[in-house]
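Breakdown of the fold
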Amino acid sequence: MRIVVLIKQVPDMEKVKFNSEKGIVDRASAGTEINPFDLNALEAALVIKEIIGAEVVALTMGPPKAEEALREAIARGADKAVLISDKYFGGSDTKATSHVISSGIKRLGNFHLIIAGEKTVDGDTGQVGAQVSDYLDIPYITYVSRIEEVSESVIRSVSEIWGGEYLKEMKLPGLITVTKDINTPRLPSFKQKMASRKAEIIRLSYEDLKEYFSSDEVGIKGSPTWVSKIEVPEVIKREGKIYRDDIDAGLETILHIIAEERI
Ligand SMILES: Cc1cc2nc3c(=O)[nH]c(=O)nc-3n(C[C@H](O)[C@H](O)[C@H](O)COP(=O)(O)OP(=O)(O)OC[C@H]3O[C@@H](n4cnc5c(N)ncnc54)[C@H](O)[C@@H]3O)c2cc1C
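Residues numbered from 1 in each chain as written. Predicted model: local features only at pLDDT ≥ 70, side-chain atom pairs only at ≥ 80, totals over all residues. Heavy atoms only, no water.

Between its first and last C-alpha atoms helix α3 (residues 94-108) spans 21 Å; for 15 residues at 1.5 Å apiece the expected length is 21 Å, and the two agree. Counting buried positions along α3 yields eleven of 15 residues, so the element is predominantly enclosed. For α3, the complete set of buried residues consists of Thr 94, Ala 96, Thr 97, Ser 98, His 99, Val 100, Ile 101, Ser 102, Ser 103, Gly 104 and Ile 105. With a side-chain oxygen lying 3.1 Å from the backbone nitrogen of Lys 95, the N-terminal cap of α3 falls on Asp 93. Immediately beyond the C-terminal end of α3, within one or two residues, lies Gly 109, with a positive phi of roughly 95 degrees. (Helix = DSSP H or I, 4+ residues; strand = E, 2+ residues; numbered from the N terminus. Expected span 1.5 Å × (residues − 1). Buried < 20%, exposed > 50% of the residue type's maximum accessible area, 1.4 Å probe, protein only. Polar contact = N/O pair within 3.5 Å; in protein donor to acceptor, adjacent residues only side chain to side chain.)

All right, on to the pairing of strand β12 (residues 174-178) then. With five of its five residues buried, β12 lies for the most part within the structure. Across five bridges, the pairing between strand β8 (residues 113-117) and β12 is parallel. Considered in β12, the bridge of Gly 117 is made with Val 178. Sheet topology note: the strand β9 (residues 140-150)/β12 ladder contains three bridges and is parallel. (Pairing = 2+ DSSP bridges.)

Once that is clear, we can look at the environment of Trp 226. Locating Trp 226 in the fold gives a position in the loop between α6 (206-209) and α7 (247-260). Given the relative accessible area of 69%, Trp 226 is considered exposed. Counting along the chain gives 16 residues from Trp 226 to Lys 210, while the straight-line C-alpha distance between them is 24 Å.

Time to look at helix α2 (residues 67-76). Taken across its ten residues, α2 has seven buried, putting it largely inside the fold. Where α2 is concerned, the buried positions are Ala 69, Leu 70, Arg 71, Ala 73, Ile 74, Ala 75 and Arg 76. Gly 77, located one to two residues past α2, shows a positive phi value of around 135 degrees.

Okay, the packing of aromatic side chains next. Within the structure shown, the criterion is met by three aromatic pairs. Considering the side-chain rings of Tyr 206 and Phe 213, the 6.1 Å spacing of their centres and the 35 degrees angle between planes classify their relative orientation as tilted. In this structure Phe 213 comes out as buried when scored by relative accessible area, which is 4%. Ring-pair connections join several aromatic residues into one group, and the members of that group are Tyr 88, Phe 89, Tyr 206 and Phe 213. Over the face of the ring belonging to Phe 37 we find Lys 180, whose NZ or CZ atom lies 5.3 Å from the ring centre. (Phe/Tyr/Trp six-rings, centres within 6.5 Å; stacked < 30°, edge-to-face > 60°. Lys NZ or Arg CZ within 6 Å of the ring centre and 35° of its normal.)

Here we come to a negative patch on the surface. Together, Asp 245, Asp 246, Asp 248 and Glu 252 line one region of the surface with negative charge. The topology assignment puts Asp 245 in the loop between α6 and α7. A residue is classified by how much of its surface remains accessible, and Asp 245, at 77% relative accessible area, is exposed. (Patch = residues over 30% accessible without salt bridge, like charges linked within 9 Å, V, L, I, M, F, W, Y side chains within 5 Å. Areas by Shrake-Rupley, 256 points an atom, 1.4 Å probe, with all protein chains shown as cover. Salt bridge = Lys/Arg side-chain N within 4 Å of Asp/Glu carboxyl O. Lys, Arg positive; Asp, Glu negative; His and termini not counted. Charge placed at Lys NZ, Arg CZ, Asp CG, Glu CD.)

Close to the ligand lie 26 residues; Lys 8, Asp 38, Ser 92, Thr 120 and Thr 125 are nearest. In this structure, an oxygen atom belonging to the ligand sits 2.8 Å away from a main-chain N or O atom of Gly 91. Interatomic distance of 2.6 Å between a side-chain N/O atom of Thr 120 and an oxygen atom of the ligand. About the coverage of the ligand: the protein hides 79% of its 940 Å² of free accessible area. Of all the secondary structure elements, the ones that give two or more residues to the shell around the ligand are β6 (55-61), α3 and β8. Partitioning the shell around the ligand into residue classes produces seven nonpolar, 13 polar and six charged. (Near = heavy atom within 4 Å. Nonpolar A, V, L, I, M, F, W, Y, C, P; charged D, E, K, R; others polar.)

On to the side chain of Asp 12. Relative to the helices and strands, Asp 12 resides in the loop between β2 (9-11) and β3 (17-19). Other than its neighbours up to four places away in sequence, Asp 12 contacts Ala 30, Gly 31, Thr 32 and Glu 33. (Contact = heavy atoms within 4.5 Å.)

Considered as a void within the structure, the second largest pocket measures approximately 210 Å³ in volume. Around the second largest pocket, the lining residues are Ala 44, Val 47, Ile 48, Ile 51, Ile 52, Ile 147, Glu 148, Glu 149, Val 150, Ile 182 and Asn 183. For the lining of the second largest pocket, the elements supplying multiple residues, two or more each, are α1 (36-52) and β9. When its residues are assigned to classes, the lining of the second largest pocket shows eight nonpolar, one polar and two charged. (1 Å grid on protein atoms, 1.4 Å probe; cavity = no way out; pocket = protein on both sides within 12 Å on 5 of 7 lines; lining within 4 Å. Points joined across faces, edges and corners; volume = space filled by probe spheres on them.)

Moving on: the packing of α3 against helix α4 (residues 128-136). One can describe the packing of α3 onto α4 by two numbers: an axis separation of 8 Å at closest approach and a directional angle of 50 degrees. By the angle class used here, α3 and α4 are oblique. Between α3 and α4 the crossing geometry is right-handed. Residues Thr 94, Lys 95, Ser 98, His 99, Ile 101, Ser 102, Ile 105 and Lys 106 of α3 pack against Val 128, Gln 131, Val 132, Tyr 135 and Leu 136 of α4. In terms of residue class, the contact of α3 with α4 is made up of six nonpolar, five polar and two charged. (Axes fitted to C-alpha atoms, helices over the stretch in contact; angles between N-to-C directions. Parallel < 35°, antiparallel > 145°, perpendicular 65-115°, else oblique. Left-handed = near helix turned anticlockwise from the far one by under 90°.)

All we've got here are geometric facts, nothing functional implied.
The following block contains the structure:
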C-alpha cells in the first residue's frame, strides 16, 4: 500500500508578526514548523504502516526551505519525501496549489490513499484536500477523527461534524483529511533525526510537471483568487445585564430591544 501525506511548512503562529502597514504576515519574523494538522495526517499514515504495511510518502509544495519540513517527516517515520518547488509556482492560491500538488502525485504514479490535514494554521481555508481529490478525480472524506478499517481497496472512517459522528466507507484510491482528534503525533528519536539529514529528497520542478499544466495555470497567473485587503478585525465588546429580582424590568428591556431592532 502506498500513502501520500500532504505536508505544509507554516510559520510559528504564536510568534509570527503581522505587518499591518503592508497587510501581510511577516514570515521572516518567526521560525517555521510542520502545520500541526499535517503531523496528525502523518501519524495516521504511520499507524496504518505499522498495522498493515505501507510506504509513506511525505509531499510538499513550497520554497526550497520547505525541505526542512520533509526531513522532519522522514525523522518521524516517512519513507520518502517529495519537494515540489519552482519560481513558477510562487503566488499560487489554493486552486493553483492543488493543481500542482495533484500533478506531482500523478507524476509519482501508483498510490492508494492520500492523507491531508483538515486545514492549515496560516492559510486556514481547508480547501486544498478537496481540490486535490477533484484534480485527481478520486473520492474524499473530510474531518476524519477515527479510522475503523483500511485496506488497499477500501477505508471505513468516522468524521465528526457539528457534534455528529458519520461512519463513512470509501473505495480507494481516495483522499481523507484528518482532525486533531485522530491521534497524538509521535516525536522523532535523536537517531532518526540524524539519519533524516542524509535522506534523499525527490525534487520536482515546473519542467518535471509541465505535461500536466501550462505556465498560465499555476502561480499568480493561474490563481483566480486575489486578496483585496487584509486587516485584523476589530474586536466588538459584548455587554450583558443580569436581572435577578426585577424580572418585569428585564422583560420590558428585552421587549424594547426586540422592537427597536425590528426582530
Ligand atoms: C492570491 C494568492 C497568492 C498567494 N501567494 C502565495 C505565495 O506567494 N506564497 C505562499 O506561500 N502562499 C501564497 N498564498 C497562500 C497559498 O495559496 C496557500 O498557502 C495554499 O494554497 C494552501 O492553502 P491553505 O494554507 O489555506 O491550506 P488548507 O487548504 O487549509 O490546507 C489543508 C491541507 O492541505 C495540505 N496542504 C496545504 N498546502 C499545502 C502545500 N503547499 N503542500 C502540501 N500540502 C499542502 C495540508 O495537508 C493541509 O493540512 C497565496 C494565496 C492567494 C489567495
